[in-house]
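# Topology and contacts: notes
The lines below spell out each chain.
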Amino acid sequence: MRVTLLQTDIVWAQPDANIQAARQLLSQSGESDLYVLPEMWSTGFATEPEGIAVSEDSNAALEWMREEAQRRQCAICGSLAVRTADGAYRNRHYFVDGRSSAISHYDKRHLFSYGHEDRYYTAGQSPCIVNYDGFRLLLLTCYDLRFPVWSRYASGREYDAIVIVANWPENRQAAWQVLTRARAVENQCYLVGVNRVGTDRYSRYKGCSCVVDCYGKTLAQCRPDEVQALTVDLDLQELQRRRGKFRVLADRDNFGLNL
């Protein structure tokens, strides 16, 4: 599966400008099966969503993802700040499959309480694994990266790659470097992590979006502080071969989640 990381800068609370920037970056990249955008890519990390988050049925960014995925016959994912039909705000990671016209989503489980995201948003209660192009993809969002139990490969939650979208600030970049590799190693999977660059009213973002293999080796990493599209091929047969040879997952602990 060919994956393209879209490491963008985000203009605060201006979806039209961010859609245009994503469109331009996408047009500069080659053909891929999956394009991955950062967390809240159309608005910035809006922890106070009133006046910024819009409903799903009138969300221009989501509609652009759907139209572009269908036109290119690919998948596009990334998270958006949305207001759902029940009036709740969600940090919703959408996976839009243009080949089947299916739209899956994952609501961020671990809300960033340090930045008061938990005051306004409703946390998700269910993991989301998407089947696409032969791969099983676990969707995660930013702060989820710090919680290994939530992302653990387990019976009934088997997957081949983690796709995590983020607004991960520069001053915690060392943690990004460690945790992306740790999640890939402990779950014997690929990890695709897409972070933003630039600044907003809260933080500076360095990017360093990356693809890591099941041994913790960095297959590719975006340049820091630069808007960039970076394409990587993921080899499912090679992943299966490595899992079969070095059977770490067979010795994993069995446990459940209390939600």
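Everything below is about the structure shown above.
A few points on the structure. (Residues numbered from 1 in each chain as written. Predicted model: local features only at pLDDT ≥ 70, side-chain atom pairs only at ≥ 80, totals over all residues. Heavy atoms only, no water.)

What follows concerns the layout of surface pockets. Any empty space left between atoms is shown by rolling a water-sized probe over those atoms. Roughly 310 Å³ of volume is contained in the largest pocket. Phe45, Phe112, Pro169, Arg172 and Ser203 are the residues nearest the centre of the largest pocket, which is lined by 19 residues in total. Class assignment for the residues of the lining of the largest pocket results in 9 nonpolar, 5 polar and 5 charged. (1 Å grid on protein atoms, 1.4 Å probe; cavity = no way out; pocket = protein on both sides within 12 Å on 5 of 7 lines; lining within 4 Å. Points joined across faces, edges and corners; volume = space filled by probe spheres on them. Nonpolar A, V, L, I, M, F, W, Y, C, P; charged D, E, K, R; others polar.)

With respect to topology, 6 strands assemble into an open sheet ordered β7-β8-β9-β10-β13-β14, the strand pairing being mixed. Lying at the two open borders of the sheet, with one neighbouring strand each, are β7 (129-132) and β14 (218-221). This sheet shows a mean twist of 20° between the axes of neighbouring strands, independent of strand direction. Set on the sheet, helix α4 (residues 173-186) makes contact with β9 (161-166), β10 (190-195), β13 (210-212) and β14; between it and β10 the angle comes to about 155°. (Pairing = 2+ DSSP bridges. Helix = DSSP H or I, 4+ residues; strand = E, 2+ residues; numbered from the N terminus. Axes fitted to C-alpha atoms, helices over the stretch in contact; angles between N-to-C directions. Contact = heavy atoms within 4.5 Å.)

Inspection of every chain in the model, using the stated rule, returns 24 salt bridges. The salt bridge involving Asp33 is made with Arg99; its shortest N-O contact spans 2.7 Å. One end of the pair, Asp33, is in the loop between α1 (15-28) and β2 (34-36); the other, Arg99, is in the loop between β5 (89-97) and β6 (102-107), with 66 residues separating them in the sequence. Given a relative accessible area of 18%, Asp33 falls into the buried group. According to the relative accessible area criterion, Arg99 is partly exposed, its value standing at 37%. Between Glu63 and Arg66 there is a salt bridge, with its nearest N and O atoms 2.3 Å apart. Of this pair, Glu63 and Arg66 both sit in helix α2 (residues 60-72), 3 residues apart, which is roughly one turn of the helix. (Salt bridge = Lys/Arg side-chain N within 4 Å of Asp/Glu carboxyl O. Buried < 20%, exposed > 50% of the residue type's maximum accessible area, 1.4 Å probe, protein only.)

Glancing now at empty space enclosed by the protein. Taken as a whole and judged by the stated rule, the model has 1 cavity of 30 Å³ or more. Computed from the structure, the largest cavity encloses a volume of approximately 40 Å³. Considering the residues around the largest cavity, the lining is formed by Thr8, Asp9, Ile10, Asn18, Ala21, Ala22, Leu37 and Trp41. Grouping the amino acids of the lining of the largest cavity by side-chain chemistry returns 5 nonpolar, 2 polar and 1 charged.

The next subject is the environment of Gln228. Along the polypeptide, Gln228 turns up in strand β15 (residues 228-233). On a C-alpha basis, the gap between Gln228 and Leu25 in space is 7.4 Å, while along the polypeptide they are 203 residues apart. Residues contacting Gln228, with those up to four places away along its chain left out, are Leu5, Leu6, Gln7, Leu25, Cys222 and Arg223.

Before going further, it helps to examine the nonpolar core. Formed by 50 residues in total, the largest nonpolar core has its most connected members in Leu34, Val36, Phe95, Leu137, Val192 and Leu234. By residue number, the principal contributor to this core is β9, which donates 6 residues. Not counting residues up to four positions away in its chain, the partners in contact with Val192 are Val3, Leu5, Val36, Ile162, Val163, Ile164, Cys210, Val211 and Leu234. One finds Ala61, Leu62, Tyr94 and Val96 within the second-largest nonpolar core, a separate group that totals 19 residues. (Core = buried A, V, L, I, M, F, W, Y, C linked by side-chain atoms within 4.5 Å.)

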